[in-house]
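So you can see what is in the structure, the chains are spelled out below.
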Amino acid sequence: MTTALNFDPIRLPKECEDLRKEVRAFIKQEIAAGTWDPSAVGRDEAFNYDFSRKVGEKGWIGLTWPKKYGGHERTFLERYVVTEEFRVANAPTRVFFTADRQSGPTLLKYANEDIKMDILPRICRGECCFGIGMSEPGSGSDLFAASTKATKVDGGWLINGSKIWTSNAHRADYLIAIFRTSPPTRENRRHGLTSFLVDMKNTKGITCNPIIQLSGLHEFNEVVFEDAFMPDAHLLGEKDGAWKQATSELAYERSGPERFLETFQVMIELVRVLGEKPDARGAEGLGRLVAQLHTLRRMSVSVNGMLQAGKEPVVEGSVVKDLGTIWEQKLPHKVREIAAFVEPEDTANRVAFEEQLAFATTIAPKLTIQGGTTEVLRGIIAAGLGLRGR
Amino acid sequence: MSDSDSIVAETAARIFADLADPQTVNAAKDQAWKAPLWSALEENGLTLAWVPDDLGGTGASLADGFEVISVAGRFAAPVPVMETLLAGWLLTQGRIASPAGMMTLAPMRPKDRITLGGDGMLTGRARGIPFAGDAAHVAVLAHGPKGAVVALAETKSARIAETRGIAGNTVFELTFDKAKPLQVADAPAGFSQETLMLMGATVRSLASAGALAAILDISVRYAGERVAFEKTISKFQAVQHNLARLAGESAAASAVATSAADAISSAVTLAAPGIYLEAASARIRTAEAATEGSAIAHQVHGAIGYTKEHILHRYTQRLLTWRDDFGNESQWAVDLGTKVAAAGADELWPLVASR
Ligand SMILES: Cc1cc2nc3c(=O)[nH]c(=O)nc-3n(C[C@H](O)[C@H](O)[C@H](O)COP(=O)(O)OP(=O)(O)OC[C@H]3O[C@@H](n4cnc5c(N)ncnc54)[C@H](O)[C@@H]3O)c2cc1C
């Protein structure tokens, strides 16, 4: 018996590499057409509906979902390839990213047929943006302290309270949010929260207040609910049982390439700045980063192989996110040190490098907070080691 | 490559568990455990798994041999099973038959150089060679007048000096001073000292991943037993998080090493594209994990882990020493970084994504 985790050396099959070629060709063509500039930083064009519709037409949203709902019944590994190529190219995927990664799969599992037939095809066409309403002013890591209340009324529920840090809420068509439908019980403090589909465009009583991040970007918001009405059909899954539904979502959310590639542009610029023949110091720094990146990617591909095999690799996903986010967070700092002795006149690429470095340094703090903090992840891993309850 | 998939791995694990239980070996007053352990490994064909039948081995697959190495790492193998496997593999490159018994190999550092003179004699120095006191034979990669050669020599044909490994364990320095090898053959075209370093680095990476898995087990178990402030230390969040970090280092090491071994097992040649990235990364990342992981495991154990009596050091000393074999992580990183830089920024992502 061993407590160590197993990451089988999954290889991407040929269809993935064929798909990768198609995706790269598409990206190249779109960049050439000026749809976005892969080296631009700190911009809000990530919400690009023209682009997301084109991606939808290509059939690259909802890749793994049933055809009946607009999906393509392809594999998680194919989805992995599309995700990583878009991420590395800095493609403006914000419209569909969250819906494709986690909201769609949640709807597939818990929404009724009418909702699935209505919303999923729109997601697949790149027309429908989702956000996630979990955190509240009094509830972050401690998700089960959420207090925004759902009160039963005829035909549905009235919501009162507020969500915070809600990414995309200012653009989103829908949120998937958790609200309190019952108090927690003495035996189970996680009891009493219920998942709902929130129609952001057609519901009275919802106000979205922007919150500007220290980077200057507007990505997240405060969302205030005042007697906002949710029809019964929008209750997802089991009343009071949102905690049971959260786990499988986490495996999707935590193991993807976006969990170590958010600052990757700065590494590309580092290679440019170092030039073709770096000294030993530069070469060693770069070599270590490449080895670490390769390791993370092999782990992440392996977890996606587990998802494809129908497993729920929650602990493995948490390990990837813990190691991956710490790596991408440290990356700009390491890159800065590695490049310290490279003189500006050595290279024409210094400006681009410094821009990427400043941006990556600015966004670095959030990487180990969003989607579950380092400490929360280590708690999950410790539970996986049998050191504590989940 | 999970344990249950492979009969070879099961056999190896059974032999080590029966005959080389780390606790027993650590407490033993003499070396009486050594001969039965070695014969069991040898009789089951594990030590020459990478040598074909006609050259005296059992002709198992590369993948099977790698399984044995994982297990050897997990048990901090106190006999030269990995070295003999590698030595047999090296001799096979020159189609030299492998002798029975323990072997070691040289060189194990990228910059150590052994030459074969026109007179057919070996000259040169190899540092950090383990088990030179036990192994009757040494497989040598030497630079001959016309290129790389593989040689089989008696270990005693070299001058053997006992030295301390970085973690305090014994390793040897072998000096060949016009030593006469038993046999010599040309290495295949394209086979060089780098090729040996690449294979050796992958072997040590896999063994390191095995040893990291073991110290994770040992540390988790200990944390559940040791009581401080009226509870088991496993209840302290700081300890839990240390163990979670150790689990992460162990997972990273295992993922990258298993991947490299798998890449080599399914490649036609070690010069195939991508093998270099896999092996170099495995060496670099497992060595980093060894540094981090050993420190965490010791921290969790407190003073007891710092004793001869406790088995922890059997793993951590090997982990730290193995970092230096077949190129240390800094040397590999310089080499990998140099190659990546030469290929240029636009090739960075395609390289990573190609695996
Ligand atoms: C860029 C960004 C985007 C986000 N987008 C969304 C979104 O779309 N939807 C959404 O719902 N939320 C979103 N979040 C919120 C995010 O999920 C929370 O920030 C996160 O869960 C942490 O909660 P908190 O900020 O309240 O910190 P807290 O929970 O207050 O934590 C503060 C510190 O205490 C530590 N801590 C807390 N509890 C423990 C414990 N038990 N043991 C040890 N340490 C502990 C934490 O690890 C952290 O270091 C986003 C956050 C960011 C930064």
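Residues numbered from 1 in each chain as written. Chains lettered and ligands numbered in written order. Predicted model: local features only at pLDDT ≥ 70, side-chain atom pairs only at ≥ 80, totals over all residues. Heavy atoms only, no water.

Explanation requested: the site of the ligand in the structure shown.
The full set close to the ligand counts 16 residues, and Ile132, Ser135, Ser141, Trp165 and Thr373 of chain A are the nearest of them. More than a single chain frames the ligand: its nearby residues are located in chains A and B. Taking serine 141 of chain A, its side chain carries an N or O atom lying 2.7 Å from an oxygen atom of the ligand. One nitrogen or oxygen atom from the side chain of threonine 373 of chain A is found 2.7 Å from an oxygen atom belonging to the ligand. Each residue belonging to the shell around the ligand can be placed in one class, and the counts come to five nonpolar, nine polar and two charged. Composition of the shell around the ligand by domain shows at least three residues from each of domain 2 (132–242) and domain 3 (255–384) of chain A. (Near = heavy atom within 4 Å. Polar contact = N/O pair within 3.5 Å; in protein donor to acceptor, adjacent residues only side chain to side chain. Nonpolar A, V, L, I, M, F, W, Y, C, P; charged D, E, K, R; others polar. Domains from an automatic or database assignment.)

Please explain the pattern of salt bridges as it appears in this structure.
Note that side chains of opposite charge can pair when their charged atoms are close. Residue and element names in this part refer to chain A. One pass over the full model with this rule turns up 43 salt bridges over all chains. The closest approach of N and O atoms between arginine 53 and glutamate 127, which form a salt bridge, is 4.0 Å. Note that arginine 53 is positioned in helix H2 (residues 49–58) and glutamate 127 in the loop between helix H5 (113–124) and strand S1 (130–133), a separation of 74 residues in sequence. Residue classification places glutamate 127 among the partly exposed positions, given a relative accessible area of 31%. (Salt bridge = Lys/Arg side-chain N within 4 Å of Asp/Glu carboxyl O. Helix = DSSP H or I, 4+ residues; strand = E, 2+ residues; numbered from the N terminus. Buried < 20%, exposed > 50% of the residue type's maximum accessible area, 1.4 Å probe, protein only.)

I would appreciate a short explanation of the pairing of strand S2 (residues 149–153) of chain A in the present structure.
Here is the key point about a regular strand: its side chains alternate between the two faces of the sheet. Residue and element names in this part refer to chain A. Of the pairings in the sheet, the one linking S2 to strand S3 (residues 156–164) comprises five bridges and is antiparallel in character. Note on S3: the bridge partner recorded for lysine 152 is tryptophan 157. Linkage of S2 to S3, two consecutive antiparallel strands, is achieved through a turn of two residues, within which glycine 155 is found at a positive phi near 80°. (Pairing = 2+ DSSP bridges.)

Sorry if this is basic, but what is going on with helix H8 (residues 275–301) of chain B here?
All names here are of chain B. A rise of 1.5 Å per residue sets the reference length of H8, with its 27 residues, at 39 Å; its end C-alpha atoms lie 38 Å apart and thus fit the reference within 8%. Among the 27 residues in H8, 22 count as buried, and that is most of the element. Where H8 ends, the next residue or the one after it, glycine 302, has phi of about 60°, a positive value. (Expected span 1.5 Å × (residues − 1).)

When you look at helix H11 (residues 374–384) of chain A in this model, what are you seeing that I'm missing?
Residue and element names in this part refer to chain A. When you tally the buried positions in H11, you get eight out of 11 residues, the bulk of the element. Along H11, the positions that sit buried rather than exposed are Thr374, Leu377, Arg378, Gly379, Ile380, Ile381, Ala382 and Ala383. Two residues or fewer after H11 comes glycine 386, characterised by a positive phi angle close to 80°.

Help me understand the packing of helix H7 (residues 265–274) of chain A against helix H8 (residues 280–308) of chain A, please; the structure alone is not making it clear to me.
Between two packed helices, both the angle of their axes relative to each other and the distance between the axes serve to describe the pair. Residue and element names in this part refer to chain A. Direction vectors running N to C along H7 and H8 enclose 155°, while the axes themselves pass 11 Å from each other. With respect to their mutual orientation, H7 and H8 come out roughly antiparallel. The handedness of the crossing between H7 and H8 is left-handed. Along its contact with H7, which presents Met267, Leu270, Val271 and Leu274, the element H8 presents Gly282, Leu286, Leu289, Val290 and Leu293. Residues that form the contact of H7 with H8 fall into these classes: eight nonpolar, one polar and no charged. (Axes fitted to C-alpha atoms, helices over the stretch in contact; angles between N-to-C directions. Parallel < 35°, antiparallel > 145°, perpendicular 65-115°, else oblique. Left-handed = near helix turned anticlockwise from the far one by under 90°. Contact = heavy atoms within 4.5 Å.)

What should I look at first to understand the domain arrangement of chain A in this one?
As a measure of interface size, the accessible area lost when the parts come together is often cited. Residue and element names in this part refer to chain A. If you check the domain split of chain A, you get domain 1 (14–128), domain 2 (132–242) and domain 3 (255–384). Averaged C-alpha coordinates put domain 1 and domain 2 at centres separated by 25 Å. Each partner contributes residues to the interface: domain 1 has 20 residues there, and domain 2 has 16 residues. Both faces considered, domain 1 and domain 2 share a buried interface measuring about 1,500 Å² in area, 59% of it formed by carbon and sulfur atoms. There are one salt bridge connecting domain 1 and domain 2. Residue arginine 94 is joined to glutamate 219 by a salt bridge in which the shortest nitrogen-to-oxygen separation is 3.3 Å. In this structure, the connection of domain 1 to domain 2 is made through three residue pairs in polar contact (both at pLDDT 80 or more). Contributing elements (two or more residues each) for the side of domain 1 that touches domain 2: helix H4 (94–110) and H5. For the side of domain 1 that touches domain 2, the element with the highest residue contribution is H4, accounting for seven residues. (Buried area = accessible area lost by both parts, 1.4 Å probe.)

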